[in-house]
Amino acid sequence: QVQLVESGGGLVQAGGSLRLACAASGRTFSYYAMAWFRQAPGKEREFVTHISGSGDSTYYADFVKGRFTISRDNAKNTAYLQMNSLKTEDTAVYYCAARPGYYSRTYPNYNYWGQGTQVTVSS
């Protein structure tokens, strides 16, 4: 069983930056692929990025490429999402998710979810 707790959300102006963190409980954190999804009001949850258990493989949705960076520190059982050059359309609740083994871009494939953290980008 893995419990995930996100932090770092908030209100930021367009062009600004935020860093989200996702702290995981339990052992063998490196066994889990981690991902970030987001959900804006009235929209479906969408994939943002994922990272392999070792941290050596990442993938990004086109709309965040070059602006967001996912990373992880397995010694601290924590995954991160560095968000730069934020746009108003990035406003959403951001969720981290974990699944054992290989990563996925499909949210039903993830077993564990955090409670979400609100990111609001103002113009």
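Report on the accompanying structure. The model shown is predicted, which means the values in this text are computed figures rather than measured ones.

1. Remarks on the overall build of the protein chain
Counting its secondary structure elements, the protein chain contains zero helices and 11 strands. Counting helices and strands in the order they occur from the N terminus, the protein chain gives β-β-β-β-β-β-β-β-β-β-β. Relative to the compact-globule value of 14 Å for 123 residues, the protein chain shows a C-alpha radius of gyration of 13 Å, a close match. Taken along its principal axes, the extent of the C-alpha atoms in the protein chain is 40 × 25 × 25 Å. Within the protein chain, residue pairs in contact and separated by at least 24 positions form 57% of the contacts whose partners lie at least 6 positions apart. For the protein chain, the exposed surface amounts to about 6300 Å²; the carbon and sulfur share of it is 46%. Computed over 12 positive and 8 negative side-chain charges, the separation of the two mean positions in the protein chain equals 4 Å.

2. Regarding the packing of aromatic side chains
Enumeration over the complete set of coordinates arrives at 11 aromatic pairs. A ring pair is formed by Y31 and Y32, whose centres lie 5.7 Å apart and whose planes are at 80°; its orientation type is edge-to-face. By relative accessible area, Y32 is classed as buried at 11%. Seen from their ring centres, F47 and Y59 are 6.1 Å apart, and the 35° between their planes marks the pair as tilted. Here Y59 lies in strand β6 (residues 58-60) and F47 lies in strand β5 (residues 46-51), a separation of 12 residues in the sequence.

3. Some words on the side chain of S52
Mapped onto the fold, S52 is located in the loop between β5 and β6. In this structure the side chain of S52 is engaged in a polar contact, spanning 3.0 Å, whose partner is the side chain of D56. With residues up to four places along the chain from it excluded, the contact list for S52 reads A33, S57, R72 and Y103.

What counts and what doesn't
Residues numbered from 1 in each chain as written. Predicted model: local features only at pLDDT ≥ 70, side-chain atom pairs only at ≥ 80, totals over all residues. Heavy atoms only, no water. Helix = DSSP H or I, 4+ residues; strand = E, 2+ residues; numbered from the N terminus. Rg over C-alpha atoms; globule rule 2.2 N^0.38 Å. Contact = heavy atoms within 4.5 Å. Areas by Shrake-Rupley, 256 points an atom, 1.4 Å probe, with all protein chains shown as cover. Lys, Arg positive; Asp, Glu negative; His and termini not counted. Charge placed at Lys NZ, Arg CZ, Asp CG, Glu CD. Phe/Tyr/Trp six-rings, centres within 6.5 Å; stacked < 30°, edge-to-face > 60°. Buried < 20%, exposed > 50% of the residue type's maximum accessible area, 1.4 Å probe, protein only. Polar contact = N/O pair within 3.5 Å; in protein donor to acceptor, adjacent residues only side chain to side chain.

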